[in-house]
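# A look at the structure
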Amino acid sequence: MSLLPFTVAKFGGTSLADHQAMLRCAQIIKNDASNKVVVVSASSGVTNLLVRLSQKDVPQHEQLAIISSIRAIQFNITQHLAEETQLNFQIDQLLNELSEFSNAQSLNYCSRIADAILSFGEQMSSRIFAQVLKSVGVNGEMFDVRQVMKTNAVYGKAVVNLELLADNAQQSLTPLLVDKVIVTQGFIGQDEDGHTTTLGRGGSDYSAALLAEALHADNLSIWTDVVGIFTTDPRITEHARAIKEISFGEAAEMATFGAKILHPATLIPAMRKNIPVFVGSSKEPEKGGTRIQQFVESSPIYRSIALRREQTLVTVKSPAMLHASGFLAQVFGILAKHELSVDLITTSEISVALTFDNPTGSTQALLNSTVVEELEQLCEVTVEHGLSLIAVIGNKMHRSNGVGTSIFETISGINVRMICHGASEHNLCFLVDEKQANETVEKLHNALFS
Ligand code: ADP
Ligand code: ASP
Ligand code: MG
């Protein structure tokens, strides 16, 4: 079935925080008839509450308090809708289910139940937003994404089966787009046994990109709380400015290196199918935003600066490394066995430095115990936490004169722990102490973008 050019639109948590915010999103959909599929995050704050609920040993009184806070956030929106009673009934049904999962979790922790708990935010917001669309005269209908977003059973960072997604989406979603606007959940999926899974924090962007790919959409719009992608996180410096146009490659580097505006995997499906991506603010859609596409007019040496906190640096050192082969294979063998994914690497004569992303403290826990003991059988190991990774992103950086000098002269007073340059033409990155991260970004931004 062929449709007119159409767009998959994704709204993040702040865009769905309350009724006013949801109405603004509904107007965006209404104003452009090409918006046929809407992917929603949970209303702002809800997933964070669910994360706490999904943890071990949450006392009964706290479980009740969390569920009642979530109920208040959602009822605060539904009170403005004609279908309030019917929606509140549905939300209470979902919250009863949530409460059963949370009781089970407090008795016996299990990562499968954690994912089930995390999925409720999107389950509620999608139902509510479909009604908000109806309230502005758009024929919105909620579609449970778990019917199509089939994943493996790696809870917390499930991997989507792309072939199944494409088949399922073509079969059960495409026919609905003829006369409806489909509202579906980001972030969640379903494993082979029918258990709910999640794709990782911030994963709704990625869900939207996957759906755009599977449905052969012509555009992907990511509506958030800032007017596009900035030269750096606008929360770090007021001098950050929005970028009008950026290439897939540059934006992918930004996402990978911590620019929270996009989930790191978002651009992979878009690049595979050459689907242009727009990023804009649902609060100020008239201000335009950033277009991410394959070819762009300008390719400056410096495009942006990204910052990723909570990095761990591991240095392994052994004289056995000198002129020997197979040492690194053994080190990586141990890391692979423990499913630790290495981020950056630098080597010297007898030592190797490796970094790990450590967003939830999980890497820290692993690296403090078994892994270190196993590595110590091979070599001397030093583990350092509390570091931030700063990536300067741009074009042809590996071939341009003076890149290193411009960057490191600017931050000459700051202790740089590790530098990676040359592997990618799009970035130069390094580690600094967490406490100096903002200052480093500000100084660099002033020097490179003012
Ligand atoms: P959503 O809930 O819509 O998914 P997020 O909070 O995940 O929104 O992402 C938007 C936030 O990303 C912005 O408020 C901003 O603080 C942050 N951010 C980080 N780096 C950048 C950047 N380079 N450009 C714009 N925003 C950025
Ligand atoms: N609600 C999920 C989260 O907060 C997914 C998302 O917002 O993209 O991580
Ligand atoms: Mg996000």
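As the structure is a computational prediction, the values presented were derived from the model and not from experiment. (Residues numbered from 1 in each chain as written. Chains lettered and ligands numbered in written order. Predicted model: local features only at pLDDT ≥ 70, side-chain atom pairs only at ≥ 80, totals over all residues. Heavy atoms only, no water.)

## Thoughts on the nonpolar core
- In terms of nonpolar packing, the biggest core is built from 100 residues, with Phe11, Phe129 and Ile292 touching the most fellow members.
- Beyond its immediate chain neighbours, meaning those up to four positions away, Ile292 contacts Ile229, Ile246, Ser247, Phe248, Ala251, Leu262, Leu267, Pro276, Val277 and Val279.
- Core analysis: the second largest hydrophobic core is formed by 19 residues, Tyr302, Ile407, Phe430 and Val432 among them. (Core = buried A, V, L, I, M, F, W, Y, C linked by side-chain atoms within 4.5 Å. Buried < 20%, exposed > 50% of the residue type's maximum accessible area, 1.4 Å probe, protein only. Contact = heavy atoms within 4.5 Å.)

## Examining the UniProt feature "binding site: substrate" (unreviewed entry) in the protein chain
- As annotated in UniProt, the feature "binding site: substrate" (unreviewed entry) corresponds to Thr47 and Glu122 in the numbering used here. Despite a sequence span of 76 residues, these residues sit close together in the fold, their greatest C-alpha distance being 8.5 Å.
- For Thr47, the position within the fold is in helix H2 (residues 46-53).
- Taking the relative accessible area as the measure of exposure, Thr47 reaches 10% and is therefore buried.
- Contact partners of Thr47, with chain neighbours within four places excluded, come to Ala42, Leu118, Glu122, Phe187 and Arg201.
- Within the secondary structure layout, Glu122 lies in helix H6 (residues 120-135).
- Aside from chain neighbours lying at most four places away, what touches Glu122 is Val40, Ser41, Ala42, Thr47, Gln185, Gly186, Phe187 and Ser204.
- Within the structure, the side chain of Glu122 is placed 3.0 Å from the backbone nitrogen of Ala42, a separation counted as a polar contact. (UniProt positions renumbered as here; feature names shortened; annotations may be inferred. Helix = DSSP H or I, 4+ residues; strand = E, 2+ residues; numbered from the N terminus. Polar contact = N/O pair within 3.5 Å; in protein donor to acceptor, adjacent residues only side chain to side chain.)

## Some words on the pairing of strand E16 (residues 427-433)
- By the criterion of burial, E16 is predominantly enclosed, with 6 of the 7 residues buried.
- The pairing of strand E14 (residues 380-394) with E16 spans 7 bridges and is antiparallel. Residue Ile390 lies in a different strand from E16, and its bridge partner there is Phe430.
- Relative to E16, strand E15 (residues 416-421) runs antiparallel, the two sharing 5 bridges. When the bridges of E16 are listed, His421 appears paired with Leu428. (Pairing = 2+ DSSP bridges.)

## Comments concerning the site of ligand 2
- Around ligand 2, the neighbouring residues are Ser41, Ala42, Thr47, Glu122, Phe187, Arg201, Gly202, Gly203 and Ser204.
- In the model, a nitrogen atom of ligand 2 is placed 2.8 Å from a nitrogen or oxygen of the Thr47 side chain.
- Within the contact set of ligand 2, an oxygen atom lies 2.8 Å away from a backbone nitrogen or oxygen of Gly202.
- Taking 270 Å² as the accessible area of ligand 2 by itself, protein coverage stands at 87%.
- Per-class residue counts for the shell around ligand 2 are 2 nonpolar, 5 polar and 2 charged. (Near = heavy atom within 4 Å. Areas by Shrake-Rupley, 256 points an atom, 1.4 Å probe, with all protein chains shown as cover. Nonpolar A, V, L, I, M, F, W, Y, C, P; charged D, E, K, R; others polar.)

## So, the UniProt feature "binding site: ATP" (unreviewed entry) in the protein chain
- Here the UniProt feature "binding site: ATP" (unreviewed entry) sits at Lys10, Phe11, Gly12, Gly13, Thr224, Asp225 and Arg235.
- Here Lys10 shows up in strand E1 (residues 7-11).
- Judged by relative accessible area, Lys10 falls into the buried class, the value being 7%.
- When near neighbours in sequence (up to four residues on either side) are disregarded, Lys10 contacts Val39, Ser41, Ser204, Asp205, Ala208, Ser221, Ile222 and Trp223.
- A distance of 2.6 Å separates a polar atom in the side chain of Lys10 from a polar atom in the side chain of Asp205.
- Among the secondary structure elements, Arg235 is positioned in the loop between strand E7 (219-224) and strand E8 (245-247).
- A polar atom in the side chain of Arg235 sits 2.9 Å from the side chain of Asp233.

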